[in-house]
Amino acid sequence: MLRLILPVAALALAATFAAAQSDPIAARKALMKANGQQAKIGAAIAKGEAPFDAAKVETIFATFADAAAKAPDLFPENSKKGGKTEALPAIWKNKPDFEARLVKFGDDVKSAQAEVKDLATFKKVWSGLIRKNCTGCHEKYVQKD
Amino acid sequence: MLRKLVIAVVVLAALGGAAFWFLTIPQTVSAAALGPHQPDLENGRTMFIAGGCSGCHAVPEAEDKTRLGGGLALKSPFGTFYVPNISPDRRDGIGAWSEADFVTALSRGTSPDGRHYFPAFPYTSYQRMRPDDMRDLFAYLKTLPVVSGVVRDHDMAFPFGFRRGLGLWKFLYVDGKPFVPDPGKSAVLNRGAYLVEGPGHCAECHSPRNLIGGIIAAQRFAGGPNPEGKGWIPNITPKELGDWSQNDIAYLLDSGQTLDGDSVGGSMAEVVRNTAQLAAEDRTAIAAYIKSLPPIEGSKPTKK
């Protein structure tokens, strides 16, 4: 499974980099997709469906950190519409809040990287990390239907 | 002949009026009916979290979710509701209420001054709570910060502003009967059923409603249009969540993360902020009950 996931993640990252210049909507979608895939791997560990694996966890956090670092540049004024974006106009109305959340996401990931050593510490930080960052931000800034 | 007709009309109108008056009397629970009780603040806090009180009653945009000054505008097809102050302020909140007033509000949807509440306040679910849990919740609310300020009146479309008429609606949907555990089911399932059907009031959003705003019983939990406006509230019966394990549902209630790695959005994010604070056993119980619901095919949003 891991052998399959790493190249997929790497591909997603490479695609992101290439697309970021010309197509910010496609680029941020690729980042979010990679985040989602990594979050699923983390969820399986948190739920006890997969064993704790330090290398996998490192990849998860590295993917999150990458998204937090790149995302602020992927929401230019001209990317409010098109490409079936689910980003809400609220992002551009509350840009300082949106960007502060991304900074916090990056910081929280860094703390998680420092704190997580085993299954117990992983379980301790994981749900809160997802809830406070992913869920908190999606609540305000992603269109659901 | 005309005379007889006039008399008949007058008598019928009087009968109709009397029937209406009788059927729409706001019901109450008396202090005498409650009996002695020692409040359990910890359980009151659990009810506060499970009930999601702060989701509507907290001052909008405030960091502190225990300041229950109200003011949030809730749009509905019947008009806009402005959520009232339920902080312990004696003048503007519920500080001067008696325990019986509070139990009456939750189980009968009747205010201390004897008026019907609109069912935007989900007493249709809260009526299933055990009276002792309501009393613990009341005691807990009294410990929260006092916030002054009366919230403006609701802005209802005609004829929904006529509150007395709500008595007829409540005649259909409110019986004030608390949840009764099913002895044939496990303690976990009963706890889950209680939390979901009572304080959690999950069905209020996750079910479609009929023209008069009542939940369509046969479609309970099968999803429907968002009562607060845009979007669709998902079907949470196994028809839709068949792939989800009990563990997956409990995990969503802690993290907000769905099975496909995405996050819940909209009002569900607020719900998760609450359920994440519940005891893990309570999340497990909720998940077990959701998992045990009968699978129901819900209606689907019409494609744009």
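Quick summary incoming for the structure in this document.

The rules behind these values
- Residues numbered from 1 in each chain as written.
- Chains lettered and ligands numbered in written order.
- Predicted model: local features only at pLDDT ≥ 70, side-chain atom pairs only at ≥ 80, totals over all residues.
- Heavy atoms only, no water.
- Helix = DSSP H or I, 4+ residues; strand = E, 2+ residues; numbered from the N terminus.
- Expected span 1.5 Å × (residues − 1).
- Buried < 20%, exposed > 50% of the residue type's maximum accessible area, 1.4 Å probe, protein only.
- Contact = heavy atoms within 4.5 Å.
- Core = buried A, V, L, I, M, F, W, Y, C linked by side-chain atoms within 4.5 Å.
- Pairing = 2+ DSSP bridges.
- Salt bridge = Lys/Arg side-chain N within 4 Å of Asp/Glu carboxyl O.
- Patch = residues over 30% accessible without salt bridge, like charges linked within 9 Å, V, L, I, M, F, W, Y side chains within 5 Å.
- Areas by Shrake-Rupley, 256 points an atom, 1.4 Å probe, with all protein chains shown as cover.
- Polar contact = N/O pair within 3.5 Å; in protein donor to acceptor, adjacent residues only side chain to side chain.

**Quick word on helix α13 (residues 280-292) of chain B**
Residues and elements named next belong to chain B.
Okay, step 1: Look at α13: 18 Å from first C-alpha to last across 13 residues, which is about the 18 Å you get at 1.5 Å a residue.
Okay, step 2: Among all positions of α13, only D282, R283, A285, I286, A287, A288, Y289 and I290 are buried.
Okay, step 3: If you follow the buried residues of α13, they end up packed against α2 (41-51), α8 (187-197), α10 (238-241), α11 (246-255) and α12 (267-275).

**Regarding the nonpolar core**
Okay, step 1: The biggest cluster of nonpolar side chains holds 52 residues, and the ones touching the most others in it are B:F48, B:F102, B:M129, B:L137, B:L141 and B:I290.
Okay, step 2: Mapped by element, the contributors of at least two residues to this core are α2, α4 (99-108), α5 (123-126), α6 (131-141), α8, α11 and α13 of chain B.
Okay, step 3: Each residue touching B:L141, except ones within four places of it in the same chain, is listed here: B:F48, B:L68, B:P88, B:I94 and B:F102.
Okay, step 4: The next biggest cluster of nonpolar side chains, apart from the first, holds 23 residues, and it includes A:I41, A:A44, A:A50 and B:Y251.

**Re the environment of B:G198**
Residues and elements named next belong to chain B.
Okay, step 1: Checked against the element boundaries, G198 lands in the loop between α8 and α9 (203-206).
Okay, step 2: Taking the relative accessible area as the measure of exposure, G198 reaches 0% and is therefore buried.
Okay, step 3: Residues within four places of G198 in sequence aside, it is in contact with S125, Y126, R128, M129 and A193.

**Some points on the sheet that holds strand β2 (residues 79-82) of chain B**
Residues and elements named next belong to chain B.
Okay, step 1: Pairing within the open sheet is antiparallel, and its three strands lie in the order β1-β2-β3. Each having just a single partner strand, β1 (73-76) and β3 (155-156) make up the two edges of the open sheet.
Okay, step 2: Both β1 and β2 contribute to a ladder of four bridges, which runs antiparallel. Within β2, the residue paired with S76 across the bridge is G79.

**Topic: the pattern of salt bridges**
Okay, step 1: For the structure on display, the rule yields 22 salt bridges over all chains.
Okay, step 2: A salt bridge links A:K80 to A:E77; the nearest nitrogen and oxygen atoms lie 3.3 Å apart.
Okay, step 3: The exposed category is assigned to A:E77, whose relative accessible area is 54%.
Okay, step 4: Close ionic contact of B:E270 with B:R273 constitutes a salt bridge, the shortest N to O distance being 3.0 Å.

**Section: a nonpolar patch on the surface**
All names here are of chain B.
Okay, step 1: Residues W21, F22, L23, L168, F171, L172, L211 and I212 make up a contiguous nonpolar surface patch of roughly 930 Å² in combined accessible area.
Okay, step 2: The set of elements that each furnish at least two residues to the nonpolar patch consists of α1 (2-23) and α7 (166-173).
Okay, step 3: Inspection of the secondary structure puts W21 in helix α1.

**Remarks on the side chain of A:S127**
Okay, step 1: Here A:S127 is to be found in helix α6 (residues 119-141).
Okay, step 2: A relative accessible area of 8% places A:S127 in the buried class.
Okay, step 3: Looking at A:S127, its side chain comes within polar contact range of the side chain of B:D254, at 2.9 Å.
Okay, step 4: Each residue touching A:S127, except ones within four places of it in the same chain, is listed here: B:Y251, B:D254 and B:S255.

**Considerations on helix α2 (residues 24-46) of chain A**
Residues and elements named next belong to chain A.
Okay, step 1: For α2, built from 23 residues, the straight-helix expectation of 33 Å at 1.5 Å per residue is met to within 8% by its first-to-last C-alpha distance of 32 Å.
Okay, step 2: Of all 23 residues making up α2, 17 are buried, and the element is well covered by its neighbours.
Okay, step 3: At the exit of α2 stands G48, carrying a positive phi of roughly 80°.

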